[in-house]
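Here's the letter readout for the chains.
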Amino acid sequence: MKLLVYGAGVLGSLFAARLHEAGHDVSLLARGERLAALRRHGVQLAEEDSPAVRRVPVPVVEHPAGGYDLIAVFVRTHQVDTVLESLAGLEGDVLFLLNWAAGAEPLGAVIGHERVLLGFPMAGGTMDGDVVRYRAANFMTRRVAMPIGEPDGRTTPRLERIVEAFRTIGISAKTEPKMDAWLKTHAAFEVPLGQAVHTAGGPVALADDPDAVRGMLRLIRQNLAAMPTPPTPRGFAALRTLPECLLVATLRRFLRSPTAVHSGLSDASPATAAELARLAEQIRACTKR
């Protein structure tokens, strides 16, 4: 399978490196200083705070051309419109692995509805200069599979093929028949969480302020209650039904955990703020609030 990974940030770099090491024909799209760094050193990976850095010589391209069996898109929500313009000139199925609550329609309107697949990457990490510091797998993250789905909920041969390809590189993936609802549910949770972390100055600082965590939880509950479909996966429904005091305590423990600290929540860059703002617009549109 010939693959293009579109986006050379934390997740795109990590996925491209794993695909390359598994023997897949993969290219990583990058531009500017990131392209130059990748050409010099390849993808540089380190597990969380480890001093050991591994270099993976993933082929990089600046201007892709021709066709691919699959284009995996790892960009921020507010960058999608620009990306769609360049994807329209390429051939191949396109798997959007990102924060997105606007549904498949605006994606397919530009590149062709038959090309679109939706998903969400369950990995996490941060950029340390040119080094990708990825979150170490643990008991909790191993149990959560990366969801991928067709916009209409069907289980198709191409979907099964893509899920299997990710499994061969050690990434737990699964078919998700309600992928659009999954993404909307996640965004309903992600926007209040990300904005609260940004305001507090990081996940640990937010954990130290129980009133801020309580306010964040109430916004999450409002979003979930306004969703046009039930929360997906169903576990998110617990955020609407369990006692507030219990959820606040659970969320504070999560915010202090290595999973949260190394997930990218600490990224206070302007790009993070722009992504959250765009995702919030999408949430307001789908909840009509």
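All values derive from a computational prediction rather than experimental measurement.

Visitor: Honestly, the sheet that holds strand β10 (residues 131-134) in this entry has me stumped. Any pointers?
Guide: Strands in a sheet are paired, the pairing made by backbone hydrogen bonds, and the direction either parallel or antiparallel. A sheet is described by the order of its strands in space; here four strands give the open sequence β4-β3-β10-β9, paired in mixed fashion. Of all the strands in the sheet, the pair left with one neighbour each is β4 (54-56) and β9 (125-128). On average, each strand axis in the sheet is tilted by 30° relative to the strand beside it, whichever way the strands run. Pairing analysis gives four bridges linking strand β3 (residues 43-47) to β10, with the strands arranged parallel. Residue pairing in the sheet places Glu47 in a bridge with Tyr134 of β10. Taken strand by strand, helix α2 (residues 32-41) contacts β3, β4, β9 and β10, and its axis lies near 85° from that of β3.

Visitor: Explanation requested: the packing of aromatic side chains in the structure shown.
Guide: How two aromatic rings sit relative to each other is given by the distance of their centres and the angle of their planes. Applying the stated rule across the entire model yields four aromatic pairs. Seen from their ring centres, Phe15 and Phe74 are 4.9 Å apart, and the 45° between their planes marks the pair as tilted. One end of the pair, Phe15, is in helix α1 (residues 10-21); the other, Phe74, is in the loop between β6 (67-73) and α3 (80-87), and 59 residues separate them in sequence. Residues Phe15 and Phe74 agree in their burial class; the two are buried. Consider the rings of Phe120 and Trp182, whose centres lie 5.4 Å apart with planes at 40°: the pair is tilted. In this pair, Phe120 sits in the loop between β8 (116-119) and β9 while Trp182 sits in helix α7 (residues 179-200), placing the two residues 62 residues apart along the sequence. Trp182 carries the same exposure label as Phe120, and that label is buried. Among the aromatic residues, those joined into a ring-pair cluster are Phe15, Phe74 and Phe166.

Visitor: Would you mind showing me how to read the pattern of salt bridges here?
Guide: In a structure, side chains of opposite charge can pair up when their charged atoms sit close to one another. For the structure shown, the criterion picks out 13 salt bridges. Taking the shortest distance from any N to any O, the salt bridge between Arg158 and Glu150 comes out at 2.8 Å. Taking the relative accessible area as the measure of exposure, Arg158 reaches 14% and is therefore buried. For Glu176, the salt bridge is made with Lys174, and the minimal N-O distance between the two is 4.0 Å. Salt bridges sharing partners connect three or more residues here, namely Asp211, Arg214, Arg218 and Glu244.

Visitor: Can you walk me through the nonpolar core in this structure?
Guide: Nonpolar side chains in soluble globular proteins tend to be buried together. In this structure, Leu28, Val43, Leu45, Leu95, Met146, Ile148 and Phe166 are the most contacted members of the largest nonpolar core, which totals 36 residues. Per-element accounting of this core gives the leading share, six residues, to α1. When neighbours within four sequence positions are excluded, Met146 is seen to be in contact with Phe15, Leu97, Phe120, Pro121, Met122, Phe166, Ile171, Ser172, Ala173 and Lys174. The next biggest cluster of nonpolar side chains, apart from the first, holds 28 residues, and it includes Leu193, Val213, Ile220 and Val248.

Cut-off values and rules
Residues numbered from 1 in each chain as written. Predicted model: local features only at pLDDT ≥ 70, side-chain atom pairs only at ≥ 80, totals over all residues. Heavy atoms only, no water. Pairing = 2+ DSSP bridges. Helix = DSSP H or I, 4+ residues; strand = E, 2+ residues; numbered from the N terminus. Axes fitted to C-alpha atoms, helices over the stretch in contact; angles between N-to-C directions. Contact = heavy atoms within 4.5 Å. Phe/Tyr/Trp six-rings, centres within 6.5 Å; stacked < 30°, edge-to-face > 60°. Buried < 20%, exposed > 50% of the residue type's maximum accessible area, 1.4 Å probe, protein only. Salt bridge = Lys/Arg side-chain N within 4 Å of Asp/Glu carboxyl O. Core = buried A, V, L, I, M, F, W, Y, C linked by side-chain atoms within 4.5 Å.

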